[in-house]
Amino acid sequence: MQLSEFTFVFLTLCIPFLGYIVYSTNPKKGFSILFVLIIGINILLNQNIFSLLGVLFLILYLYSFEKEVRKYFVFMSIASFAVASFNLIGQNLISSFLPILLVSSVFSSMMIGHWFLVDPTIERIGMKNISKFSSGLSILLSFLVFINIYESSSMFFSSVSENLLNNVVIFLYLSSALLSFGSLKSLQEKSYTGVMASTGLSYLALIVALGASGTLILSV
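Just so you know, these numbers come straight off a predicted model, no measurement behind them.

Engineer: What is the right way to read the overall build of the protein chain from this model?
Structural biologist: Of regular secondary structure, the protein chain possesses ten helices and zero strands. Shown N-terminal to C-terminal, the secondary structure of the protein chain runs as helices and strands in the order α-α-α-α-α-α-α-α-α-α. Scaling as 2.2 N^0.38, a compact globule of 220 residues should have a C-alpha radius of gyration of about 17 Å, and the protein chain matches this with 18 Å. The C-alpha extent of the protein chain, read off along each of the three principal axes, is 55 × 45 × 20 Å. Of all 220 residues assigned to the protein chain, the portion counted as buried reaches 50%. Restricting to contacts in the protein chain with at least 6 residues of sequence separation, those with at least 24 account for 78%.

Printed below as a string of structure tokens:
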């Protein structure tokens, strides 16, 4: 998988987290505008009709931000980008889905954490639940690598053995789980510094998750 393909799927999988954050946390419209602009990079990575439709539905989502119909535009955007992702990557999308989903979830947690620093009046429930999801998914991925559902190969990384590579990936996923859990516990601190600590930990979790998922996708 090329970097542009990884990025395309990663940004696509951020859309459901955008929808959930707005539903659960209710940040101001500026957050959605910022996130949509980032996701809109997809139109440059894969220029086809489904990518164009995905961006169009996101624009309609912003236009109808105060209306109930907005959630349907989120679903249609996800569907459009999903078709574009499958056309771009094919069957590899199935095996890459969970590792990339983890990166998207941690990135989304980091995004809403940053927005909280701009608007500390918003609820923390969305951040907490995404941190729980990221931690659980990291543990699940480490288990799947451990039982060889995701079996990495040292052919790409010729300088290391297969067992060592698997152990490194497992360690990285467990580290990501620990950092996401730390982010969750930090959010239980009611002061402003709790969210600052949580956002910092989500930065670290993102780096570790990128390392784990990138290594796994390259080596399967």
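So that's the structure; there's more coming.
Engineer: What should I look at first to understand unusual backbone geometry in this one?
Structural biologist: Note: most residues except glycine have negative phi, and most peptide bonds are trans. Positive phi, close to 55°, is recorded for asparagine 26, a residue that is not glycine. Within the secondary structure, asparagine 26 is located in the loop between helix 2 (14–25) and helix 3 (29–39).

Engineer: Teacher, can you tell me more about a nonpolar patch on the surface here?
Structural biologist: On the surface, Leu140, Phe143, Phe146, Ile147 and Ile149 cluster together into a nonpolar patch covering about 520 Å² of accessible area. On the secondary structure map, leucine 140 appears in helix 8 (residues 125–146).

Engineer: Would you explain the packing of helix 2 against helix 7 (residues 92–118) in this entry?
Structural biologist: Packed helices, taken two at a time, are described by their axes: the angle between them and the distance between them. Packing of helix 2 against helix 7 brings their axes to within 9 Å, and their N-to-C directions diverge by 35°. In terms of crossing hand, the pair formed by helix 2 and helix 7 is right-handed. On helix 7, the residues that touch Cys14, Phe17, Ile21 and Thr25 of helix 2 are Leu101, Ser104, Ser105, Phe107, Ser108 and Ile112. Split into classes, the residues belonging to the contact of helix 2 with helix 7 amount to six nonpolar, four polar and no charged.

Engineer: I tried to follow the side chain of serine 131 on my own but got confused; where do I start?
Structural biologist: Within the secondary structure, serine 131 is located in helix 8. Residue serine 131 is classed as buried on the basis of its relative accessible area, which comes to 3%. Discounting residues that sit within four places of it in the chain, serine 131 has contacts with Ser109, Ser180, Ser183, Leu184 and Leu187.

Engineer: It is not clear to me how helix 8 should be interpreted in this structure. Could you clarify?
Structural biologist: Because each turn of an α-helix spans 3.6 residues, side chains separated by three or four positions in sequence point in the same direction. Helix length check: helix 8, at 22 residues, gives a terminal C-alpha distance of 32 Å against a target of 32 Å (1.5 Å per residue), a fit within 8%. By the burial criterion, the buried members of helix 8 are Gly126, Met127, Ile130, Ser131, Ser134, Ser135, Leu137, Ser138, Leu141, Ser142, Leu144 and Val145. Just downstream of helix 8, asparagine 148 is the residue with a positive phi angle, here 70°.

Engineer: Help me understand the environment of serine 109 in this model?
Structural biologist: Tracing the sequence through the fold places serine 109 in helix 7. The exposure class of serine 109 is buried, given its relative accessible area of 7%. Aside from chain neighbours lying at most four places away, what touches serine 109 is Met127, Ile130, Ser131 and Ser202.

Engineer: Just checking my understanding: could you explain the environment of aspartate 119 for this structure?
Structural biologist: Its place among the elements puts aspartate 119 in the loop between helix 7 and helix 8. Judged by its relative accessible area of 9%, aspartate 119 is buried. Here the alpha-carbon distance between aspartate 119 and glycine 54, two residues 65 residues apart in the chain, equals 28 Å.

Engineer: How do you make sense of the confidence of the model for the protein chain when you look at a structure like this?
Structural biologist: Reading fine detail from the predicted coordinates is not recommended where pLDDT is low. On average, residues of the protein chain carry a pLDDT of 85, and 93% of them reach 70 or more. Least confident of the elements in the protein chain is helix 10 (residues 192–219), whose mean pLDDT is 82; most confident is helix 5 (residues 49–63), at 92.

Thresholds applied
- Residues numbered from 1 in each chain as written.
- Predicted model: local features only at pLDDT ≥ 70, side-chain atom pairs only at ≥ 80, totals over all residues.
- Heavy atoms only, no water.
- Helix = DSSP H or I, 4+ residues; strand = E, 2+ residues; numbered from the N terminus.
- Rg over C-alpha atoms; globule rule 2.2 N^0.38 Å.
- Buried < 20%, exposed > 50% of the residue type's maximum accessible area, 1.4 Å probe, protein only.
- Contact = heavy atoms within 4.5 Å.
- Patch = residues over 30% accessible without salt bridge, like charges linked within 9 Å, V, L, I, M, F, W, Y side chains within 5 Å.
- Areas by Shrake-Rupley, 256 points an atom, 1.4 Å probe, with all protein chains shown as cover.
- Salt bridge = Lys/Arg side-chain N within 4 Å of Asp/Glu carboxyl O.
- Axes fitted to C-alpha atoms, helices over the stretch in contact; angles between N-to-C directions.
- Left-handed = near helix turned anticlockwise from the far one by under 90°.
- Nonpolar A, V, L, I, M, F, W, Y, C, P; charged D, E, K, R; others polar.
- Expected span 1.5 Å × (residues − 1).
- pLDDT = per-residue confidence, 0-100.

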